[in-house]
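What follows is each chain in one-letter form.
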Amino acid sequence: MSGAQSGPTLTRQVFEYTPGTRPELDHDDPLHGELLKLNMGPQHPATHGVLRLGVTLDGERIVDVDPDVGFLHRGKEKSCESLGWHKFFPHTDRLDYVQPLMNNIGYALALEKLGGIEVPPRAKVVRVLLMELSRIMAHLIYIGTLGIDLGAVTIFFYSFRQREELYKVVDAYTGHRMNNTYVRIGGVYADVDEKVAAMIEKFLADFPAALDEIDAMLTRNRIWYDRNRGIGVISKEDAVAMSLTGPTLRGSGVNWDLRRAQPYSGYEEYDFDVPVGSVGDCYDRYLVRMTEMREAAKIAKQALDKLKTVKGDVLIEDRRYVLPPKDLVHSSMEELIFQFKVVTDMRLPRGEAYHGIESSKGELGFLVASDGTSKPLRCHIRAPGLMNIQALPMLAKGRLFSDMVSLIGSMDFVMGEVDR
Amino acid sequence: MVIVQRKELTLAERLYLPEIFRGLSITFRKFFEKPITRQYPEEPLPTDEVTRGQPRLVVKDDGNIACVSCGMCEIACPAYAITIDGGETDRQIEREPKRFEIDMLRCILCGFCEEACPKDAIFMSNELELADYTRRGLIYDMEKLKRPKSALQPRIDYVYKINKRWRRTQA
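Residues numbered from 1 in each chain as written. Chains lettered and ligands numbered in written order. Predicted model: local features only at pLDDT ≥ 70, side-chain atom pairs only at ≥ 80, totals over all residues. Heavy atoms only, no water.

Points about the overall build of chain A
Within chain A, the secondary structure is distributed over 18 helices and nine strands. Reported as C-alpha extents along the three principal axes, the dimensions of chain A are approximately 85 × 45 × 35 Å. Per-residue burial over chain A gives 63% buried out of 420 residues. At a minimum sequence separation of 6, the contacts of chain A that also span at least 24 residues come to 70%. In the structure as shown, chain A presents an accessible area of about 15,200 Å², 56% of it carried by carbon and sulfur atoms. (Helix = DSSP H or I, 4+ residues; strand = E, 2+ residues; numbered from the N terminus. Buried < 20%, exposed > 50% of the residue type's maximum accessible area, 1.4 Å probe, protein only. Contact = heavy atoms within 4.5 Å. Areas by Shrake-Rupley, 256 points an atom, 1.4 Å probe, with all protein chains shown as cover.)

Printed below as a string of structure tokens:
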């Protein structure tokens, strides 16, 4: 990313620009040859956060795009190193803030791999349930924001209405609507009780009809179709080469889903389909995400049924990592010592571990390295959104400026995660 | 693996006008549905014992706070919102906080202090609203944080309940 976008940079782009690369260029256009540098963002409503795009325009055609990330950099990785293992959980909420529980689980899985901790079966089921609800939440935001960017404001309200129902569920379960912090090393903080299970059941019963409504409004809508079809085509090879993951990769026809390829949290026990696109344009990515929401609802239903049969604890009983029960802390000296030990000096063994999960945006991975102390030696976050932004320049070249909005929307990144 | 179906638009769909009426039929149906909006300040958000609001200090029935200023919540706080200065007291517990401040502007309501407290002295209340004219006014001292135990009892019971369910008690 070049820093200062002044005169010399622009001249270089003029020379690099070969006429064959732009399709259907109108040579009678009086503006032909004179390039315009336009800054899209960081406060542009369509950039979904603080992303600055330095767009070079030839009339309406995009010559080059220079994504400038880092406006929301809060030093999350460094925070992890200074805060310690457990205290980083609230920070993971704030990475991709539309799916906080998914990030919690991704981080917890990496720590559990590092510590060699086996999660109780019921906790695994609860986690799958939470992850799939988070996926629906995140995809609903995608549909809503892409809708509002492309002029379909109705969709924004319809999808946010469904998301509101989900937030009510999460609120009843965790006590917060966002930034839940309800996952712990070795399980989840509290069990999904009957009241919450009934709420989820009700949501899952109503959700397909609501999704059908959104489907009816969008999928065969001519404006939606024309503004998404054939735009931003990524070939299979390009998608793999740019290390795209998630719906963006699957939209290009690559059958790669970490839930299938490297199952975690017992995903191999669930019956679901992985939707894959055929062309690789914005429309395919939209269809993939719509289908994924239906599949996520299917998995969540299976997880709810599993909760009725899989009984037991939702958190391991291991005094090295988990706080002892509160009533015992009052009566037993040993438990009080464990309480102090876990809060002040919870250690994970020496080593390094990476765990990637299939988040709504793609592979969300946490690489944690430990030197055996209570603070991580290194914590790296593999944000899928960063890779998705990389693809923007390639996709936008030669397209109309208005297509940029569809492209940004269909790449579906959250800057909290990209800049971290 | 399932390949998503994409079909070209039919003539009727391309004509645009029939589609407009189909879309409007969906949106007009919404006129007759029950509104889902809430008139917020007049109708406050429902809260229960699960709600993790702002942390509050428990005042026991004898009028003293349960805190012994061990500093566990201060250590457990990921946002560095809690400040405690401990001191001696004539009471049997020997130590009590001389200064206990929570910077509500820093607090992220994660509930780690509640989990870490070994004396049941700090719990998440269901108080959520937070506004003031100055920053200093939002740094809550002990007087602002004190709540009688009866007010926090539902939350205390809930935390004990999930603790019970959550871990097998050892002999």
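Quick notes on the packing of aromatic side chains
Residue and element names in this part refer to chain A. Applying the stated rule across the entire model yields 15 aromatic pairs over all chains. For the ring pair Tyr173 and Tyr182, a centre distance of 5.3 Å and an interplane angle of 75° mean the geometry is edge-to-face. Pair check on accessibility: Tyr173 and Tyr182 agree, each one buried. Residues Tyr267 and Phe272 carry aromatic rings whose centres are separated by 6.2 Å and whose planes lie at 65° to one another, so their mutual orientation is edge-to-face. Phe272 shares its class with Tyr267; the two are buried. One aromatic cluster is present, built from ring pairs that chain together Phe88, Phe89, Tyr107 and Phe366. In this arrangement the basic side chain of Arg260 is found over the ring face of Phe272, its NZ or CZ atom lying 4.3 Å from the centre. (Phe/Tyr/Trp six-rings, centres within 6.5 Å; stacked < 30°, edge-to-face > 60°. Lys NZ or Arg CZ within 6 Å of the ring centre and 35° of its normal.)

Some details on the layout of surface pockets
Computed from the structure, the largest pocket encloses a volume of approximately 660 Å³. Taken together, 24 residues form the lining of the largest pocket, with Asp171(A), Arg177(A), Arg38(B), Leu45(B) and Pro46(B) sitting closest to its centre. The leading source of residues in the lining of the largest pocket is helix H6 (residues 153–174) of chain A, at five residues. Here the residues of the lining of the largest pocket sort into nine nonpolar, five polar and 10 charged. (1 Å grid on protein atoms, 1.4 Å probe; cavity = no way out; pocket = protein on both sides within 12 Å on 5 of 7 lines; lining within 4 Å. Points joined across faces, edges and corners; volume = space filled by probe spheres on them. Nonpolar A, V, L, I, M, F, W, Y, C, P; charged D, E, K, R; others polar.)

Some details on the side chain of Asp419(A)
Residue and element names in this part refer to chain A. Mapped onto the elements of the fold, Asp419 is located in helix H18 (residues 415–419). In this structure Asp419 is buried but unpaired, with Arg420 as the nearest side chain of opposite charge at 7.3 Å. Of the polar contacts made by the side chain of Asp419, one reaches the backbone nitrogen of Phe71; its length is 3.3 Å. When sequence neighbours within four positions are dropped, the list of residues in contact with Asp419 reads Val50, Val69, Gly70, Phe71, Leu72 and His73. (Lys, Arg positive; Asp, Glu negative; His and termini not counted. Salt bridge = Lys/Arg side-chain N within 4 Å of Asp/Glu carboxyl O. Polar contact = N/O pair within 3.5 Å; in protein donor to acceptor, adjacent residues only side chain to side chain.)

Observations regarding the environment of Leu249(A)
Among the structural elements, Leu249(A) can be located in helix H10 (residues 247–251). Setting aside residues up to four positions removed in sequence, Leu249(A) forms contacts with Ala239(A), Val240(A), Leu244(A), Val254(A) and Trp256(A).

Focus: the side chain of Glu132(A)
Residues and elements named next belong to chain A. By secondary structure assignment, the location of Glu132 is in helix H5 (residues 121–149). Judged by relative accessible area, Glu132 falls into the buried class, the value being 0%. Looking at Glu132, its side chain comes within polar contact range of the side chain of Tyr267, at 2.2 Å. Contacts of Glu132, omitting those with residues within four sequence positions, involve Arg259, Tyr267, Ala296, Ile299 and Ala300.

Remarks on the interface of chain B and chain A
At the interface, 56 residues of chain B touch 69 residues of chain A. Taken together, the two surfaces of chain B and chain A that pack against each other cover about 5,800 Å², and 54% of this comes from carbon and sulfur. Run the count over chain B and chain A and you get six salt bridges. Across the salt bridge formed by Lys30(B) and Glu213(A), the nearest N and O atoms sit 2.9 Å from each other. For the interface between chain B and chain A, the tally reads 24 residue pairs in polar contact (both at pLDDT 80 or more). Of all the secondary-structure elements, those providing two or more residues to the side of chain B that touches chain A are strand E1 (2–3), helix H1 (11–14), helix H2 (17–29), helix H3 (72–76), helix H4 (112–116) and helix H6 (149–166) of chain B. The element contributing the most residues to the side of chain B that touches chain A is H6(B), with eight residues. (Buried area = accessible area lost by both parts, 1.4 Å probe.)

Structural notes on unusual backbone geometry
Trans is the prevailing form of peptide bonds, just as negative phi is the prevailing case for residues other than glycine. All names here are of chain A. In the Ramachandran plot, Thr181 falls in the positive-phi region, its phi being about 50° despite a non-glycine side chain. On the accessibility criterion, Thr181 (1% relative accessible area) is buried. Look at Asp412: it is not a glycine, yet its phi comes out positive at around 55°. You can see Asp412 is positioned in the loop between helix H17 (403–411) and H18.

Interpretation note: all reported values are geometric properties and have no functional meaning in isolation.
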